[in-house]
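# Coordinate inspection notes
Next come the chains, spelled out residue by residue.
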Amino acid sequence: MSQVLIEVRKKPLDSRMVLNMGPQHPSTHGVLRIELTLDGERVVKAVPDLGYLHTGMEKLAEHKRYNHVITILDRMDYLNSMGNDLGFVLAVEKMLELEIPPRAQYIRVMLTELQRIASHVVWIGTHGLDLGAMSMFFYSFREREAIMQLFEAVSGGRMTPSYFRVGGLSLDLPDGFLRRVLDYCDALPGALAEFDTLLTGNPIFRMRTEGIGHLSAREAIDWGISGPTLRASGVAYDVRRANPYSSYDEFDFEIPTRSEGDVYARYLVRRDEMKESMKIVRQAAENMPSGPIKAHAPRFVLPDRQLMKTQMDALIYHFLITCEGFPVPKGEVYFPIEGSKGELGVYLVSDGGNKPYRMHVRGPSFINLQALPAMVVGGLLADVVAVIGSIDIVLGEVDR
Amino acid sequence: MNTDAQLRLLQERFKTDILEHKVQWGELTLTLARNSLVPACVYLRDASGLEFNFLSDLTAVDWGPEAEPRFEVVYALYSIKHHHRLRLKVTLDEGERAGTVSTVWKTANWHEREVFDMFGIRFEGHPDLRRILMADDYEGHPLRKDFPLRGYSR
């Protein structure tokens, strides 16, 4: 029996009630369970219970060669698979001291920003759905589908692209891809304006979100909150700006921030962030450099097929990399990137072998979820749904 | 503040409490004496010029049942104001406890629960040290190196 239940049963005349929310509640965005103690409709205590989706990714990574880990990480935050892959390959590349050609960097930036839009679009749809704005869901998934089709064209996969590799990319972009991306950039503002008419001015949506789930800047930092949730509390911390990686310093974009720190502010930050991401995507597509998509490091990066078929040394390296992988120098790195939910950090320890000795992912969903009780206690039961939605968790990443 | 300046400042302040320091790939790592960890964290959070107000990450590494000391608890600190990072480490043997930093940064609470769940490392003074990802009645700590990949059940 749960601790809370025992406490309540000790006092039979207590007016408190324990309500079990999840793990199959549609508004918990996955298999999250929250033990809520209620006094009437007020939340007195909230205890999140996680682990229903724990798949042991960190343990598994210790038994996989570096390039194979990418396929596991795709499945972690499955709305931000490009971002997860990027964090990991950048960490490995830092250890190998590889220089990534500009074209590969730009393609990475373009795709991770498209992924951020896709992630935010899913979020905006489900968040609207949670709060009763059902049509939002249909409009948002239409937008997401367009991005999924772009991912499919580039990598063959929609949810799990596994497109990035240590040292570059698995393939170059298909013909006409940049045109399709630019067409999408032209179409997106119209869709975002539609979202505005559905949610931003919607009086019911605003009543349910304004002033709800408040978190001050100080508290948010103390709780380790990052990403849009932190920026809605007035802290302009974005890893892309604070510690630029993968040539983000060459792009022109703003960091949307709000000072209210409530559910509505988080909504506005994400809405504005989609516009900024679109700006980055457009800049990347318009200024796409030409050149190689892989670093020149034959021991770590697979050669092109044509070279492999015609040159002996390329064939030998191909054989070595596919059979044994590649050794990574002894040491450790922590590489943070800005995922769609916040600071996504990959901590890697190598013992000099061809598999990570230890891999740990700082999942922003996991950390952001921790502050949930601080945001819901004292509020109403119905607001719990709004607050869970506003911190944008993906249980694949919470439980890993 | 760059890593050299950080290192000089911290060496002056902590002297022999720093058991080891290392700069690799531009990242500074300090190994601290176990009992000086929590006071050091308070100092690092509050001292002007450092202000590591954001605990990015907290995790552990198991160097295997034969290694001495067996575990390392790793803290990744970040300053939102100054945009600099620092990594702290403490080493522990089987059964030894680290001080909790959940009193310094609230976010450490779940991190430490995760480390306890996955490695069986206990944190002195932690307000609510329970398993977090595995079931309450689960036996063993999955991220230990002597824990088989497929678990004990099959």
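### Details of the overall build of chain A
- Within chain A one finds 18 helices and eight strands.
- Against the compact-globule benchmark of 21 Å for 400 residues, chain A has a radius of gyration of 22 Å, which places it among compact chains.
- Counting only C-alpha atoms, chain A reaches 80 × 45 × 35 Å along its principal axes.
- Across the 400 residues that make up chain A, the buried fraction comes to 51%.
- The contacts in chain A between residues at least 6 apart in sequence include a share of 69% that link residues at least 24 apart.

### What about the overall build of chain B?
- A tally of regular secondary structure across chain B gives three helices and seven strands.
- Listing the helices and strands of chain B from first to last along the sequence gives α-β-β-α-β-β-β-β-α-β.
- A globule of 154 residues ought to have a C-alpha radius of gyration of about 15 Å, and chain B, at 16 Å, matches this closely.
- Considering only C-alpha atoms, chain B reaches an extent of 50 × 30 × 25 Å along its principal axes.
- Considering only intrachain contacts with a sequence separation of at least 6, the fraction spanning at least 24 residues in chain B is 47%.

### Description of the packing of helix α5 (residues 102-130) of chain A against helix α12 (residues 263-286) of chain A
All names here are of chain A.
- Where α5 contacts α12, the two axes come as close as 9 Å, and the packing angle between them is 155°. With respect to α12, the axis of α5 lies roughly antiparallel. Along this stretch, α5 crosses α12, giving a crossing that reads as left-handed. Contact residues: Y106, V109, M110, E113, L114, R116, I117, H120, W123, I124 and H127 in α5; Y267, R270, E273, M274, S277, M278, I280, V281, A284 and A285 in α12.

### Regarding the interface of chain A and chain B
- Taken together, the 32 residues of chain A in the interface contact 25 residues of chain B.
- Listed by contribution, the elements that provide at least two residues to the side of chain A that touches chain B are α2 (57-61), α4 (81-96), α9 (217-222), β6 (331-338), β7 (343-350), β8 (358-362) and α15 (364-370) of chain A.
- Class assignment for the residues of the side of chain A that touches chain B results in 14 nonpolar, ten polar and eight charged.

### A short note on helix α14 (residues 312-324) of chain A
- Under the 1.5 Å per step criterion, the end-to-end length of α14 of chain A is 18 Å for 13 residues, consistent within 8% with the ideal 18 Å.
- Just beyond α14 of chain A, the residue with positive phi is G325 of chain A, at close to 75°.

### Here's the deal with the sheet that holds β8 of chain A
Residues and elements named next belong to chain A.
- If you trace the three strands from one edge of the open sheet to the other, you get β6-β7-β8, paired in antiparallel fashion. Looking along the sheet, the strands with just one partner apiece sit at the ends: β6 and β8. Along the sheet, successive strands turn relative to each other by an average axial angle of 10°, direction set aside.
- Where α4 meets the sheet, it contacts β6 and β7, and its direction lies at approximately 145° from that of β6.

### Observations concerning the sheet that holds strand β3 (residues 42-49) of chain A
Residue and element names in this part refer to chain A.
- Strand order across the open sheet formed by three strands is β1-β2-β3, with antiparallel pairing between neighbours. With one partner strand each, in any of the chains shown, β1 (16-21) and β3 form the two edges of the open sheet. Adjacent strand axes in the sheet meet at a mean angle of 20°, parallel and antiparallel pairs treated alike.
- Relative to β3, strand β2 (residues 33-39) is paired through seven bridges, and the arrangement is antiparallel. Within the sheet, the bridge partner assigned to R33 lies in β3 and is D49.

### Some remarks on the nonpolar core
- Counting 152 residues, the largest nonpolar core has A91, V92, M110, L348, L372 and V387 of chain A together with L77 of chain B as its most contacted members.
- Of all the elements, α5 of chain A adds the most residues to this core, at 13 residues.
- If we ignore the near neighbours within four places in the chain, the residues touching V387 of chain A are I212, G213, V263, L372, M375 and V376 of chain A.

### Quick word on the packing of α4 of chain A against α5 of chain A
All names here are of chain A.
- Two elements in contact, α4 and α5, have axes whose closest approach is 8 Å; the angle formed by their N-to-C orientations is 140°. Here α5 runs oblique to α4, going by the angle between their axes. Listed contacts from α5 to S81, M82, G83 and L86 of α4 are R108, L111, T112 and Q115.
- Its residues assigned to classes, the contact of α4 with α5 comprises three nonpolar, four polar and one charged.

### Considering helix α17 (residues 381-391) of chain A
- Taken across its eleven residues, α17 of chain A has nine buried, putting it largely inside the fold.
- Immediately beyond the C-terminal end of α17 of chain A, within one or two residues, lies D392 of chain A, with a positive phi of roughly 55°.

### Remarks on unusual backbone geometry
- Omega for the bond connecting E68 of chain B with P69 of chain B falls within 30 degrees of zero, at -5°, which places this linkage in the cis form.
- Within the secondary structure layout, P69 of chain B lies in the loop between β3 (54-62) and β4 (71-78).
- Unlike most non-glycine residues, E97 of chain A shows phi in positive territory, near 55°.
- Phi at E51 of chain B takes a positive value of approximately 45°, unusual for a residue other than glycine.
- Along the polypeptide, E51 of chain B turns up in the loop between α2 (37-46) and β3.

### Regarding the pairing of strand β2 (residues 27-32) of chain B
All names here are of chain B.
- Taken together, the six bridges between strand β1 (residues 18-24) and β2 define a ladder with antiparallel strand orientation. Residue pairing across strands places I18 opposite L32, the latter belonging to β2.
- Joining the antiparallel neighbours β1 and β2 is a turn of two residues, in which W25 adopts a positive phi near 50°.
- The pairing of β2 with strand β5 (residues 85-92) spans three bridges and is parallel. Across the sheet, residue T29 finds its bridge partner in β5, namely R87.

### Quick look at the confidence of the model for chain B
- Considering every residue of chain B, the mean pLDDT works out to 87; 99% of them sit at 70 or more.
- Reported confidences for the modelled complex are a pTM of 0.90 and an ipTM of 0.90.

### Observations regarding the environment of H360 of chain A
- Note on placement: H360 of chain A falls in strand β8.
- Along the backbone, H360 of chain A and G345 of chain A are 15 residues apart, and their C-alpha atoms lie at a distance of 8.2 Å.
- If we skip the residues at most four places from it in the chain, H360 of chain A touches E58 and Y347 of chain A together with T59 of chain B.

Procedures and definitions
Residues numbered from 1 in each chain as written. Chains lettered and ligands numbered in written order. Predicted model: local features only at pLDDT ≥ 70, side-chain atom pairs only at ≥ 80, totals over all residues. Helix = DSSP H or I, 4+ residues; strand = E, 2+ residues; numbered from the N terminus. Rg over C-alpha atoms; globule rule 2.2 N^0.38 Å. Buried ≥ 20, exposed ≤ 12 C-beta atoms within 10 Å, placed from the backbone. Contact = placed C-beta atoms within 7 Å. Axes fitted to C-alpha atoms, helices over the stretch in contact; angles between N-to-C directions. Parallel < 35°, antiparallel > 145°, perpendicular 65-115°, else oblique. Left-handed = near helix turned anticlockwise from the far one by under 90°. Nonpolar A, V, L, I, M, F, W, Y, C, P; charged D, E, K, R; others polar. Expected span 1.5 Å × (residues − 1). Pairing = 2+ DSSP bridges. Core = buried A, V, L, I, M, F, W, Y, C linked by C-beta atoms within 7 Å. pLDDT = per-residue confidence, 0-100.

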